[in-house]
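Fold and geometry: a report
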Amino acid sequence: MAMLWKFMRVAKYSKTALSPKVEVRGIPASSRHSSSKSAPSDFAASTPCSNTVELLGKSYPQDDYSNVTEKILSKVGKNLHNKKHHPLWLIKERVKDHFYKQYTGRRGTPLFSVYDGLSPVVTVQQNFDSLLIPPNHISRRKEDNYYLNRDHMLRAHTSAHQWDLIHSGLDAFLAVGDVYRRDTIDNTHYPVFHQMEGVRLFSCHELFSNIKDGESLQLFERGHRTAHKQECHTMEAVRLVEFNLKQVLTKLMTQLFGDGLQVRWVDCYFPFTHPSFEMEINFQGEWLEVLGCGVMEQQLVNS
C-alpha cells in the first residue's frame, strides 16, 4: 500500500494540468541510498536538420506531434535545482535534510533516497499511461505539453518516473526535477518550473506494528470503492496511511515556513491516487495551494 505527494511548485500551472500524489511501504537496506543521484548539468540541444532533434546526446525524429521550440530546448539541462546556492537548490537541500534526519531505517540510514538527476525526456507511456491517465484525458493535449514526437516528450510532472523507481525495488524516495508545460507566461505561470515529489510504500507490519492489536488488522479486503477508500483497501489501513501522510507533510511545511503555520486540507481528484488531497497554507491572508497528495492507486503498485 502506498502514499504519494508532490510539492515545490515554483510557478503555478494551468488547472488542466495534473497534480501530485504519494505511496507507502518499506525499502530493503541494500536499496537505500543516503546521497542524491545527480547527473551532469551540461547539455546539448539542437535541430541539425528539419526532421530530427538532438537533445541530451540522443536524436529524436520529428513527426506531426513535434511542437517543442528552440527556446524551450535551450532550458533543458540547466538543472537549476542542482546549482549550488541557487534558490531552488537551497529549498531542495532543506527538504532533503529534513527527510534524512526525521525518517531513518533500523540501521540509522536515511529511509528516503533522493533522485535529482533523472532525464526530463520521457516517453508518453511514462508520463501518462503508467499513471492510469486515460487516452482521451485533457492533460495529454498538444496545447498543454511539449512533444518531441508521438512517443517522447518533456516530462509534465516528476510522477513520470514513479513507476520505474518503484519497479527498481524502491519503496521510499524523493524525485526532484524541472518540468515543462505550455503555459502562457504571467506573474504565476512559466512553461518551465520545478517539482519535488515523494513516494512511500507500506507493508502490513510497518503500518500496524505500533497499533494495539495491530496483528489482527489487514491492508486489503474485497470491498467497494467509496469516496474515502479504494475497493481493495481496508478502512483501517486507509485511515492510518492518510494520517501518516498528512502528518509527514505538515511537519515538512512547518519546517520550511515556521511554527504557527495555518494549514487546511481540501479533497480533490487525481487519476493516480484515491483518496486525494491538496494542502493549502494561509499566506498574507489568502489560502495558497502548496502540494497535492493521496493514497496511490493499488493498481499502480500491482503493475
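Just so we're clear, the structure is a prediction, and the values are computed from it rather than from any experiment.

1. Observations concerning the overall build of the protein
When helices and strands are counted, the protein shows seven helices and 13 strands. Burial statistics for the protein: of 303 residues in total, 50% are counted as buried. Contacts in the protein between residues at least 24 apart in sequence constitute 66% of all its contacts with a sequence separation of at least 6. Total accessible area on the protein is roughly 14700 Å²; 50% of this is exposed by carbon and sulfur atoms.

2. Overview of helix H6 (residues 235–257)
Compared with an ideal rise of 1.5 Å per residue, which puts 23 residues at 33 Å, H6 spans 32 Å between its outermost C-alpha atoms and is within 8% of the ideal. Within the span of H6, buried status applies to Ala237, Val238, Val241, Glu242, Asn244, Leu245, Lys246, Val248, Leu249, Leu252 and Met253.

3. Quick word on the pattern of salt bridges
Scanning all chains against the criterion turns up 14 salt bridges. With a shortest N-O distance of 3.1 Å, Lys229 and Glu221 are connected by a salt bridge. Looking at Lys229, the relative accessible area reads 5%, which means it is buried. Note that Glu280 is salt-bridged to Arg264, the shortest N-O span being 2.6 Å. Of this pair, Glu280 sits in strand S12 (residues 273–283) while Arg264 sits in strand S11 (residues 263–270); the two residues are 16 residues apart in sequence, bridging distant segments of the chain.

4. Remarks on the confidence of the model for the protein
Note that predicted coordinates carrying low pLDDT should not be read in detail. Looking at the protein, the pLDDT average stands at 87 and 85% of residues meet or exceed 70. Within the model, pLDDT remains below 50 along residues 9–49, and this stretch shows 168 contacts once partners closer than five positions in the same chain are excluded.

5. A short note on the pairing of strand S13 (residues 286–296)
Note: S12 against S13, nine bridges, orientation antiparallel. Directly across from Asn282, in S13, lies its bridge partner Trp287.

6. Concerning the packing of helix H2 (residues 87–102) against H6
Packed helix pairs are specified by the crossing angle of their axes together with the interaxial distance, meaning the distance between the axes. Contact geometry for H2 and H6: axes closest at 11 Å, N-to-C directions at 130 degrees. As judged from the angle between their axes, H2 and H6 are oblique. Every pair of crossing elements has a handedness; the one defined by H2 and H6 is right-handed. Touching Arg94, Val95, His98 and Phe99 of H2 are Val248, Lys251, Leu252, Gln255 and Leu256, all from H6. Residues belonging to the contact of H2 with H6 are distributed by class as follows: five nonpolar, two polar and two charged.

7. Structural notes on the side chain of Ser159
Among the secondary structure elements, Ser159 is positioned in the loop between strand S8 (152–154) and helix H4 (162–167). For Ser159, the side chain forms a polar contact with the side chain of Glu197, separated by 2.7 Å.

Quick notes on the rules
Note that residues are indexed from 1 along each chain, following the sequence as it is written. In view of the model being predicted, local features appear only for residues whose pLDDT reaches at least 70, and side-chain atom pairs are presented and counted only at 80 or more, with totals across whole chains, interfaces and linings using the full set of residues. To obtain the side-chain values, all non-hydrogen atoms of the structure were included, while hydrogens and water were left out. The helix and strand labels rest on DSSP assignments: H or I over at least four residues marks a helix, E over at least two residues marks a strand, and numbering proceeds from the N terminus. Classification of residues uses two cut-offs on accessible area relative to the type maximum, computed with a 1.4 Å probe and protein chains only: under 20% is buried, over 50% is exposed, and between them is partly exposed. Note on contacts: a residue pair qualifies if any of its non-hydrogen atoms lie within 4.5 Å across the two residues. To measure how exposed things are, a 1.4 Å probe is used in the Shrake-Rupley method; for residues, cover is taken only from the protein chains shown. Each helix should span, by expectation, one fewer than its residue count multiplied by 1.5 Å. One speaks of a salt bridge when a side-chain nitrogen belonging to Lys or Arg is within 4 Å of a carboxyl oxygen belonging to Asp or Glu. In predicted models, pLDDT denotes the confidence assigned by the predictor to each residue on a 0 to 100 scale. The pairing criterion is simple: DSSP has to find at least two bridges between the two strands. The axes are straight lines fitted to the C-alpha atoms, using for helices just the contacting stretch, and the angles between their N-to-C directions are given from 0 to 180°. To sort the angles, those under 35 degrees are grouped as roughly parallel, those over 145 as roughly antiparallel, those from 65 to 115 as roughly perpendicular, and the leftovers as oblique. By the definition used in this description, the sense in which the near helix is turned from the far one sets the handedness, with an anticlockwise turn below a right angle giving left-handed and a clockwise turn giving right-handed. Residues were grouped as follows: Ala, Val, Leu, Ile, Met, Phe, Trp, Tyr, Cys and Pro as nonpolar; Asp, Glu, Lys and Arg as charged; and all remaining residues, including Gly, as polar. Here a polar contact means two N or O atoms within 3.5 Å. Within protein one must be a hydrogen donor candidate and the other an acceptor candidate, and residues neighboring in sequence count only if both atoms are side-chain atoms.

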